[in-house]
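Notes for the structure review
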Amino acid sequence: MRVLCCDDDFETWRSQARTLLAEGLPPHDVVWEDENRPQLFAAQASPACRANAPVTRVPAELVEQLRCAAQCRMPGRWNLLYRILWRVTRGEREAMLAGDPDGSELHRRIKTASREAHHLHAFVRLHPVHDAPDLDYIAWYEPAHDILAGSSMHFAERLGRQRWLIATPQDAVWYDGAQLEYRRPCPEAWRARAQALSGGADRLWETYYASIFNPARLNRKTMQGHMPLRFWKGLTEGKLIPVLLSEARAGSQKDGQAEGVRGKAGKAIRLARQRVVRDS
Amino acid sequence: MELIEKLTILADAAKYDASCASSGAPKRSSRGKDGIGATNGMGICHSYTPDGRCVSLLKILLTNFCLYDCQYCVNRRSSDVPRARFLPEEVIKLTLDFYQRNYVSGLFLSSGIIQSPDYTMEQLIQVARVLRKDHQFRGYIHLKTIPEADPALIAEAGRYADRLSVNIELPSPDSLIRLAPEKQIGSITGAMGTIDNASNESRADKRAPRFAPGGQSTQMIVGADASDDSRILRTAEALYGDYRLRRVYYSAFSPIPNSPTSVPFQAPPLLREHRLYQADFLLRSYGFKADELIGNTGNLPLDIDPKLAWALVNRAQFPVDLNRAEPAMIARVPGIGIRTAQRIVSLRRLKRIRFEDLLRMRCVIDKARPFVVTSDYRPQQDTTESSSLRMQLSDQPAQMALWA
């Protein structure tokens, strides 16, 4: 049994896998150590990359699929990928397809990773940094999978030349208006700056959120299905959610009006040629 | 009036518009450029409110002062709601600020009718123009179109907006006359035609400026009048055909404060709205016709989804052999969606489809089971009465709990 460690880095795993394929080592004879759950036997040094190892041709699509699935922090992630790679190189193309047991797991992980990337794009909250020479926006975010490196250029497309930092418990990205710097692990100073500003209130956004909510349509289940509880604490509007839920249940769901509007003085409009009933 | 108070009132006034979509825009990026904003065609929901609805855009009215007296609308002139009006620069500042903090992907701006339809439309256009030209904003913009406005203004709106929408409001012209006395079906469909033509012209000439690349949508209120689902779906089908609408939104009528007696004051029919969206999806993406989906009662069943309902009255077309059937027919099987149908077709090029493959592809297996044949499976329920299948497969009544 060969025990390997790739530091949960795809490129490291890829070069290890390439060498193992060249050696003809089958998947049941190798195990990759999970960072958080070390194997009984310590990992051995990576096999030396043999310069003369025959290059194994695999579909380019497969490499991208493996790269994407590798972002999922799930037990045995590198072993699954090697097994699929092994099978495809031996002519079992169905190992890539959703109808196959391994392929099905591959596609499940690809879906999980792309959902988590989408969550990042949706739920990151960027806080303006005032009076700093090096940054305009900063965020602290806790993803469930390793999607930050592959998904954060999205914010450069959104924000043009603005400078921003997104820090997570595992890693971080800093965009200086032109270049993206990825760091794993997240530098302590970056983490401290991001956490100092996260959780800040924003009265305008909270006002908007409370007002656009329609209490007559209260539907916690659907909300939570789309925006699971684990995200709430990172959201500016997160602490409002339980308040709005309980207000709506306590009776304000009889019509659609927001609590903030109820009780304000109203005004019916009079046309130039016509008096309107209930004018006040 | 303070900005925060205006926002309270004018977001509350905008919530009855169901759409918050930021999809369908062309790919735009601000990377390495002045200005901000990007679109990629997909759209992002940045939050969800406790009603389960997506928050994708800053959705507000420029003002809720309104000269019209539409009975179903909280902002009708005879309603005594608090009134407010944003300055264009206030909307612009809010949009840019919310965008940069990653709360939204753009703006959906609508307005009550003030002074005149043309004046109101000009105000909406001004906000979009300043965002695009002065701030080089490349995020999503959806502008509500005032049907009676000058076609030249609609043409201008389409140069800045990704999406335009004109609300059809009610499923029948009679209801419109009764509940929205100042609106006319002719001007509503006229504006839809103006948008469709402008969009055709822009596509035909590659050098022409782009016109509302995200297309147009509309909204129909469900449950404010007595129209049945048949009427609603046929109206939607006609709109999709005549004006190539990207989406028809259905908005279950929510009771409004100080409700006039001409509209109901009861819980919004959320389950009915849900079934209409399901049926609408079958119209748009599965090639169903409204006629096929509506039974003789005129309404969609509430206890089962419309595809299952269709399958139960068309048992002669089932079971479907997944190893032989046309892809379009596979997608008509309850519990199997378009994407799964595509997966089945690519898998069967390599091997025979077995029942366990369906489990792996995450079909809704209970719904699919009575309607499919695989290489190792034939449904025993093949001969079960549709009525008893329906009993087994109906959803739990969820509607009651919402109001309890």
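Notes on the structure follow. Small disclaimer: the values here were computed from a predicted structure and weren't measured.

1. Observations regarding helix α8 (residues 270-285) of chain B
Residue and element names in this part refer to chain B. Counted at 1.5 Å a residue, the expected span for α8 with its 16 residues is 22 Å, and the 22 Å between its end C-alpha atoms agrees. Among the residues of α8, L270, L271, R272, E273, R275, L276, A279, D280, L282 and L283 are the ones counted as buried. Of the residues flanking the end of α8, it is G287, one or two places downstream, whose phi is positive at about 75°.

2. Thoughts on empty space enclosed by the protein
A complete count under the given rule lists five cavities of 30 Å³ or more for this structure. Each pocket or cavity is described by its volume, and for the largest cavity that value is around 570 Å³. If you trace the largest cavity, you find 31 residues lining it, with D17, C73, N167, E169 and K183 of chain B closest to the centre. Those elements that provide at least two residues to the lining of the largest cavity are β7 (216-222) and β8 (247-252) of chain B. Classifying every residue of the lining of the largest cavity by side-chain character gives 16 nonpolar, nine polar and six charged. The computed volume of the second largest cavity comes to approximately 70 Å³. Lining the second largest cavity are Y208 and I212 of chain A together with A18, C20, T49, R53, C54, V55, L57 and K59 of chain B.

3. Comments concerning the state of the cysteines
What is meant by a disulfide is a covalent connection between two cysteines, made through their sulfur atoms. If you walk through the whole model with that rule in mind, you get one disulfide over all chains. With no disulfide of its own, C72 of chain A lies 7.5 Å from the sulfur of C68 of chain A, the closest cysteine sulfur. No disulfide involves C20 of chain B; its sulfur sits 5.2 Å from that of C54 of chain B, the nearest cysteine. Relative accessible area serves as the criterion here: at 9%, C20 of chain B is assigned to the buried category.

4. A look at the side chain of S79 of chain B
Within the secondary structure layout, S79 of chain B lies in the loop between β3 (58-61) and α2 (88-100). For S79 of chain B, a relative accessible area of 0% translates into the label buried. A polar contact of 2.8 Å, which involves the side chain of S79 of chain B, links it to the backbone oxygen of V74 of chain B. Apart from the residues within four sequence positions on either side, S79 of chain B is in contact with K267 and A268 of chain A together with V74 of chain B.

5. Some points on the packing of aromatic side chains
Residue and element names in this part refer to chain A. For the coordinates displayed, the defined rule picks out 21 aromatic pairs over all chains. Aromatic pair W13 and W32: ring centres 6.2 Å apart, planes at 50°, arrangement tilted. Within this pair, whereas W13 is found in helix α1 (residues 10-23), its partner W32 is found in strand β2 (residues 30-32), the two being separated by 19 residues in sequence. With respect to burial, W13 and W32 carry one shared label: buried. Three or more aromatic residues joined by ring pairs form one cluster here, namely F10, W13, W32, W78, Y82 and W86.

6. Considering a positive patch on the surface
A contiguous patch of positive charge, built from K111 and R115 of chain A together with R339, R343 and R362 of chain B, is present on the exposed surface. Elements supplying a minimum of two residues to the positive patch: α4 (101-123) of chain A together with α12 (338-348) of chain B. With respect to the secondary-structure elements, R115 of chain A resides in helix α4.

7. Quick notes on the pairing of strand β6 (residues 172-175) of chain A
Residue and element names in this part refer to chain A. Judged by which residues are buried, β6 turns out to be covered on both faces: A172 and W174 on one side and V173 and Y175 on the other are all buried. The sheet contact formed by strand β5 (residues 164-167) and β6 spans four bridges and is antiparallel. Considered in β6, the bridge of I166 is made with V173. Linking β5 to β6, which pair antiparallel, is a turn of four residues. Of the strand pairs in this sheet, β6 and strand β7 (residues 180-183) are connected by four bridges, and their pairing is antiparallel. Opposite V173, over in β7, you have Y182 as the bridge partner. The turn joining β6 and β7, which pair antiparallel and follow one another in sequence, is formed by four residues; a positive phi near 100° is taken by G177.

8. A closer look at the layout of surface pockets
Residue and element names in this part refer to chain A. The computed volume of the second largest pocket comes to approximately 420 Å³. Elements represented by at least two residues in the lining of the second largest pocket include exactly α1, α2 (60-69), α3 (77-89) and α5 (148-151). Ranked by residues supplied to the lining of the second largest pocket, first place goes to α2 with three residues. In terms of residue class, the lining of the second largest pocket is made up of six nonpolar, two polar and 10 charged.

9. A word on the interface of chain A and chain B
Taken together, the 73 residues of chain A in the interface contact 78 residues of chain B. Approximately 6600 Å² of surface area, both sides summed, lies buried where chain A meets chain B, with 58% of it carried by carbon and sulfur atoms. Taken as a group, R158, Y208 and R217 of chain A account for 13% of the area that chain A buries against chain B, more than any other trio of residues on that side. Taken together, chain A and chain B are joined by four salt bridges. Notably, a salt bridge pairs E157 of chain A with K27 of chain B, separated by 3.8 Å at the nearest N-O pair. Linking chain A with chain B are 35 residue pairs in polar contact (both at pLDDT 80 or more), by the criterion used here. Sorting the residues of the side of chain A that touches chain B by element identifies α4, α6 (153-159), α8 (203-212), α9 (220-226) and α10 (240-249) of chain A as the ones contributing at least two each. Split into classes, the residues belonging to the side of chain A that touches chain B amount to 36 nonpolar, 20 polar and 17 charged.

Reading the values: the criteria
Residues numbered from 1 in each chain as written. Chains lettered and ligands numbered in written order. Predicted model: local features only at pLDDT ≥ 70, side-chain atom pairs only at ≥ 80, totals over all residues. Heavy atoms only, no water. Helix = DSSP H or I, 4+ residues; strand = E, 2+ residues; numbered from the N terminus. Expected span 1.5 Å × (residues − 1). Buried < 20%, exposed > 50% of the residue type's maximum accessible area, 1.4 Å probe, protein only. 1 Å grid on protein atoms, 1.4 Å probe; cavity = no way out; pocket = protein on both sides within 12 Å on 5 of 7 lines; lining within 4 Å. Points joined across faces, edges and corners; volume = space filled by probe spheres on them. Nonpolar A, V, L, I, M, F, W, Y, C, P; charged D, E, K, R; others polar. Disulfide = S-S within 2.5 Å. Polar contact = N/O pair within 3.5 Å; in protein donor to acceptor, adjacent residues only side chain to side chain. Contact = heavy atoms within 4.5 Å. Phe/Tyr/Trp six-rings, centres within 6.5 Å; stacked < 30°, edge-to-face > 60°. Patch = residues over 30% accessible without salt bridge, like charges linked within 9 Å, V, L, I, M, F, W, Y side chains within 5 Å. Areas by Shrake-Rupley, 256 points an atom, 1.4 Å probe, with all protein chains shown as cover. Salt bridge = Lys/Arg side-chain N within 4 Å of Asp/Glu carboxyl O. Lys, Arg positive; Asp, Glu negative; His and termini not counted. Charge placed at Lys NZ, Arg CZ, Asp CG, Glu CD. Pairing = 2+ DSSP bridges. Buried area = accessible area lost by both parts, 1.4 Å probe.

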